[in-house]
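The chain contents come next:
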Amino acid sequence: MLLDVVSVLVHVVTIIFTAAALGGAEGDVAWSYYDKDSVEIRYGLLKYRVETEFRTTITAWDSSQCTADVCDDCHDTGVAVLIFLIFAFVGTTGTTLLILAKLGGFYHYPKSVILTAEFVLTVLYLIVWASWAGGCHRGLDREDEDIDVSTGFALTFLCFVFLPAVAVIQNVAFNNEGASDRGGGNTAVPQVVASSSNTKDNEKTQQVV
């Protein structure tokens with residue numbers, strides 16, 4: 001039970017991190033970041049936000065105002081990352097509900113279900129952060145080496161690390177439950193045998209008398 005509780009808590013943290021990373025669609029949460037000479041730029045999945053001492057401007061990657069060479073690549077990368085991130089968010093939420101159902105005794109699924117789900121989710125998060133790093137951020141870095149990966153990227157990378165840990169925890173939990181069930185079965189057998197043996201001895205005693 002404790003391992004299931006830990007799994008749920010890790011999943012809840014993963015969901016929170018994913019929701020925060022989704023805030024990067026509009027540039028509120030940066031996936032790449034630039035801060036130099038009183039100019040701060042937050043690069044998001046669909047838009048980027050430029051903040052100076054005097055004003056803030058928000059520009060969509062696919063707008064006519066975006067004229068840099070990376071605009072098209074960042075738009076395509078951002079849309080793909082956003083789609084995979086939504087799938088990961090929904091999948092993580094669903095998997096959390098499965099573990100809660102098991103914890104509450106409402107549904108006991110085979111071990112393969114949870115392990116497969118964690119593997120698929122891990123792959124989704126891998127696609128998310130790797131796509132951003134190899135797509136938009138790579139282009140931005142070529143233009144200016146002072147641009148670094150930022151919050152959105154870091155959050156999804158942590159999610160990528162968390163989910164295999166949950167798979168290991170759940171595997172241990174299932175193995176412990178299996179060992180407990182087998183142990184309980186073995187203790188019941190001698191009692192039945194002993195009871196049968198006592199009955200036969202009583203019958204023999206009555207026959208002798």
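In this convention, every chain numbers its residues from 1, walking through the sequence in written order. The predicted nature of this model means local features are confined to residues of pLDDT at least 70 and side-chain atom pairs, given and counted, to a pLDDT of 80 or more, with totals for whole chains, interfaces and linings taken over all residues. Excluded from the side-chain calculations are hydrogens and water; all other atoms, namely the structure's heavy atoms, are used.

1. Re unusual backbone geometry
Inference 1: The backbone of aspartate 37 shows a phi angle near 55 degrees, a positive value even though the residue is not glycine.
Inference 2: Within the secondary structure layout, aspartate 37 lies in the loop between β1 (32-36) and β2 (39-43).
Inference 3: Three exposure classes are used, based on accessible area relative to the maximum for each residue type with a 1.4 Å probe and protein chains only: buried under 20%, partly exposed in between, and exposed over 50%. The exposure class of aspartate 37 is exposed, given its relative accessible area of 64%.
Inference 4: With phi around 65 degrees, serine 38 is a residue other than glycine that occupies positive phi space.
Inference 5: Given the relative accessible area of 53%, serine 38 is considered exposed. Secondary structure is summarised from DSSP: a helix means a run of H or I of at least four residues, a strand means a run of E of at least two, and numbering begins at the N terminus for each.

2. A few points about the state of the cysteines
Here a disulfide denotes a covalent bond joining the sulfur atom of one cysteine to the sulfur atom of another.
Inference 1: Whenever a pair of cysteine sulfur atoms sits within 2.5 Å, that pair is classed as a disulfide. Per the stated rule, a full pass over the model turns up two disulfides.
Inference 2: One disulfide in the model links cysteine 66 with cysteine 71; its S-S distance is 1.8 Å. Taking the sign of the torsion about the S-S bond as the criterion, the disulfide between cysteine 66 and cysteine 71, at about -85 degrees, is left-handed.
Inference 3: With cysteine numbering restricted to those in disulfides and following the sequence, the protein chain has the pairing 1-2, 3-4.

3. Quick word on a nonpolar patch on the surface
Inference 1: Put simply, a patch holds well-exposed residues, over 30% relative accessible area, that have no salt bridge, with like charges counted together within 9 Å and Val, Leu, Ile, Met, Phe, Trp or Tyr side chains within 5 Å. Under the convention used here, a 1.4 Å probe and the Shrake-Rupley method define accessible areas, while residue burial counts only the protein chains that appear. Each salt bridge in this description consists of a side-chain nitrogen of Lys or Arg and a carboxyl oxygen of Asp or Glu lying within 4 Å of one another. A surface patch of nonpolar side chains, amounting to about 510 Å² of accessible area, comprises Met1, Leu2, Val5, Val6 and Leu9.
Inference 2: Mapped onto the elements, valine 6 comes out in helix α1 (residues 2-22).

4. A word on helix α4 (residues 136-143)
For an α-helix the count is 3.6 residues per turn, leaving residues at separations of three or four pointing the same way.
Inference 1: Of the positions making up α4, those classed as buried are Cys136, His137, Gly139 and Leu140. Along the axis of α4, the buried residues cluster in a sector spanning 160 degrees; they form a single face. Set apart from the buried face of α4 by more than 90 degrees, the exposed residues are Arg138 and Arg142.
Inference 2: Residue contacts are counted whenever heavy atoms from the two residues lie within 4.5 Å of one another. Contact partners of the buried residues in α4: β1, β2, α2 (71-103), α3 (111-134) and β5 (148-149). The arc in question is the one spanned by the directions pointing from the helix axis to the C-beta atoms.

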